[in-house]
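Commentary on secondary and tertiary structure
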Amino acid sequence: MITPIPGSPRCRSLVAVLSFSLISLPGCEMGGTSSASKSPPVEPWTGCVDPCTEETMGEAQTFGLCAAHFSPAEATVTAGGFGHDDVHELVSGPPRGSMDVVSLGCGGSIVIDLGPDGAHNDGGADFVVFENPFSVDFPEPAQVWVSADGCEWAQFECAADGDLDGCAGRTPTEVVWGEESSGWDAVNAGGDLFDLEVVAVDWIRFVRLIDQSESYWSRRDGGWCDPGMGGKGGFDLDAIAVVNPNR
Ligand SMILES: [Ca+2]
Ligand SMILES: [Ca+2]
Ligand SMILES: [Ca+2]
Ligand SMILES: [Ca+2]
């Protein structure tokens, strides 16, 4: 089934919505063995993605430019897929808050292209992932992978079944873009900070997020990823910010 994606000024094109909910975004080829199943992949992900095309790129180099790959969970797609009609617009640019997100669903994944400037490994945190946890008590964790070329990936360890150390999707956004009159500071805006030093990588262009909510919520009351929860469980991406974009 071929379905047009309406409403995205940066990316008006067609996507293939396959029976297993794998969605190919314009300007980007499908990569590897993405799964839309409830259970996250356990093997290192080595699939390739292509960069955004000129057509899909925004101007700013400080934030994610577009989704190079999107593989939401089937349950979330079936439930209407929050943000799925406008994926590029909602995950690119600065953090705009808890409604300006795309739901991956439990076990879903997405790859964000940071553009040709990418993110360098400077001192301290190098990029920040903004999900929409309303408090630290309601995380929807995702594992973070990074790549320079869209093919070779390094993985940040994510303790999704423990203290969530190393996961994205656990720290609320404190400052939404445009709210801070004195200037926006990526490191102090909330979200989850990642330092490329941890994975011994000098520079990246792509960030892949793989939802791990099942690991976290299956051990708690009312498992948030369980069937019957309407596909609401799972990571919701607002934005990714590069800390030192002009290096
Ligand atoms: Ca660093
Ligand atoms: Ca969320
Ligand atoms: Ca969610
Ligand atoms: Ca957003």
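Rules of the game
Residues numbered from 1 in each chain as written. Chains lettered and ligands numbered in written order. Predicted model: local features only at pLDDT ≥ 70, side-chain atom pairs only at ≥ 80, totals over all residues. Helix = DSSP H or I, 4+ residues; strand = E, 2+ residues; numbered from the N terminus. Buried ≥ 20, exposed ≤ 12 C-beta atoms within 10 Å, placed from the backbone. Contact = placed C-beta atoms within 7 Å. Pairing = 2+ DSSP bridges. Core = buried A, V, L, I, M, F, W, Y, C linked by C-beta atoms within 7 Å. pLDDT = per-residue confidence, 0-100.

A separate point is the overall build of the protein. When helices and strands are tallied, the protein shows three helices and 14 strands. Per-residue burial over the protein gives 51% buried out of 247 residues. By sequence separation, contacts in the protein at least 24 residues apart represent 72% of the contacts at least 6 residues apart.

Let us look at the sheet that holds strand β3 (residues 66-71). Spatially, β3-β5-β12-β8-β9 is the arrangement adopted by the five strands of the open sheet, whose pairing is antiparallel. Both outer strands of the open sheet, β3 and β9 (154-155), are each paired with one neighbouring strand and no more. The pairing of strand β8 (residues 142-147) with β9 spans two bridges and is antiparallel. From the neighbouring strand, Val 146 faces β9, where its bridge partner is Ala 154.

A few words now on the nonpolar core. By size, the foremost hydrophobic cluster in this structure holds 56 residues, and its most contacted members are Ile 112, Val 128, Val 144, Val 207, Leu 209 and Ile 240. When contributions to this core are tallied by element, the ones reaching two or more residues are β3, α2 (87-91), β5 (109-113), β7 (127-130), β8, β12 (206-211), α3 (213-217) and β14 (239-242). Val 207 has contacts with Ile 112, Leu 114, Phe 127, Val 144, Val 146 and Ile 240, leaving out every residue within four places of it along the chain.

For any part of a model where pLDDT is low, the fine detail of the predicted coordinates should not be relied upon. For the protein, mean pLDDT is 81; residues scoring 70 or higher make up 77% of the total. Here residues 1-24 scores under 50 on pLDDT; set against residues more than four positions off or in separate chains, the count is 45 contacts. Of the regions scoring below 50 in pLDDT, residues 26-43 engages in 53 contacts with residues more than four places distant in sequence or in other chains.

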